[in-house]
Amino acid sequence: VDGLRGLSIMPIVVTGATGQLGHYVVDELLTAGVDDVIPWGRSPAPARWGVPAAAVELTNERSVVSALDQADPEVIIHAAAMSSAEAVHLDPRAGWADNVEATRILAGWCRHRGRRLLLTSTDLVFDGERGWYREVDPPTPIMAYGRTKAAAEEVVRELPGGLVIRISLLFGPSRSGRESFYDRSVRELRAGRPQAFFEDEFRTPLHYATAACILVRLTKSQARGVIHVGGTERLSRYGLMSRAAVSLGIDPGLIRSNRRAEVVLPEPRPADVSLDTTLLGTLLPGLERPAVDAAIRTGS
Ligand SMILES: NC(=O)c1ccc[n+]([C@@H]2O[C@H](COP(=O)([O-])OP(=O)(O)OC[C@H]3O[C@@H](n4cnc5c(N)ncnc54)[C@H](OP(=O)(O)O)[C@@H]3O)[C@@H](O)[C@H]2O)c1
């Protein structure tokens, strides 16, 4: 990661550091030579990076403000969320607290102190009717999860030091010790059990490592507003996992396709939430985003 001199001495809090993306982000910051990385999780986590992830319940304003006063970060990379759409659908009140209220509390502290807040948001703030969404397109969420993230985005957009980072579907092996959708699928496939994936739901998938690298570069930039972060290819999960299978030496015959209408879903899912990432390319010249196959082979 280039040009990170200014970051190396800044205290940076990473919320959700015990999660899938958060792990990669903390690793990337440390690799980039940032000395003062302060990882937070909801529950206490072992000292994976030489420092334990502090347990901070983000919906408890008093605890958050006290922990922030102590850490005094220049930047907060907010990667904590109730990230499962199904979980938010099942418990919308808890989803709202985790995704919106927690963001409001962090934003309040940042506003008061003039600090930066980077929110990790999602392509699922769009309805998927069109695809290749740009930053100027208004959010039109159709799922409860997308509604919480769209509301969190509004909070961060009003913040002078706020940046909304809308991220597409992420893939890659988990570093958190918890199995992700991708890990589970690969495990089942390696065991020779066929798996079916939607062929009619499109995203612009990105490897966790590439996403983390981009997040760190955006932390260094003074970008404000909204930025889309995704891969360069528009793929269904079926397309993604077919490509992954080839790279991992898994029999592609085990990858089956199905359609959303064939499955009983708790909520309708958007058809095409691919992200236009032209702005990202302009903001971070020379940015490399390996194609799915290469990303899986090299872990980036
Ligand atoms: N994964 C994707 O494909 C994807 C795509 C687009 C956007 N995103 C966004 O990227 C971010 C990270 O996603 P992820 O997949 O890495 O999520 P994840 O693995 O589910 O991790 C979520 C993290 O948030 C923490 N957390 C949740 N609620 C909290 C609370 N009330 N207080 C404190 N910590 C709390 C969790 O802590 P514990 O582990 O201690 O519970 C965990 O560290 C999210 O904002 C998500 O919306 C993800």
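Up top you'll find the structure we're talking about.
Student: Would you take a moment to explain the packing of aromatic side chains for this structure?
Tutor: The geometry of an aromatic ring pair is captured by the separation of the ring centres together with the interplanar angle, meaning the angle of the planes. Considering all chains together, one arrives at 4 aromatic pairs under this definition. Between F126 and Y133, the ring centres sit 4.2 Å apart and the planes meet at 0°, which makes this aromatic pair stacked. Exposure class is identical for F126 and Y133. Each is buried. For R234, the ring lying beneath its charged end belongs to F202, and the centroid distance is 3.9 Å. The ring centre of F181 lies 4.3 Å from the NZ or CZ of R237, which sits over that ring.

Student: How do you make sense of the site of the ligand when you look at a structure like this?
Tutor: T18, S43, S83, Y145 and R178 are the nearest of the 27 residues found near the ligand. S43 is positioned with one of its side-chain polar atoms (N or O) 2.7 Å from an oxygen atom of the ligand. One nitrogen or oxygen atom from the main chain of L58 is found 3.0 Å from a nitrogen atom belonging to the ligand. Protein contacts shield 90% of the accessible area of the ligand, which totals 910 Å² for the unbound molecule. Residue assignment for the shell around the ligand shows that the elements contributing at least two residues are α1 (20-31), β5 (116-122) and α5 (144-157). The leading source of residues in the shell around the ligand is β5, at 3 residues. Its residues assigned to classes, the shell around the ligand comprises 11 nonpolar, 11 polar and 5 charged.

Rules used throughout
Residues numbered from 1 in each chain as written. Predicted model: local features only at pLDDT ≥ 70, side-chain atom pairs only at ≥ 80, totals over all residues. Heavy atoms only, no water. Phe/Tyr/Trp six-rings, centres within 6.5 Å; stacked < 30°, edge-to-face > 60°. Buried < 20%, exposed > 50% of the residue type's maximum accessible area, 1.4 Å probe, protein only. Lys NZ or Arg CZ within 6 Å of the ring centre and 35° of its normal. Near = heavy atom within 4 Å. Polar contact = N/O pair within 3.5 Å; in protein donor to acceptor, adjacent residues only side chain to side chain. Areas by Shrake-Rupley, 256 points an atom, 1.4 Å probe, with all protein chains shown as cover. Helix = DSSP H or I, 4+ residues; strand = E, 2+ residues; numbered from the N terminus. Nonpolar A, V, L, I, M, F, W, Y, C, P; charged D, E, K, R; others polar.

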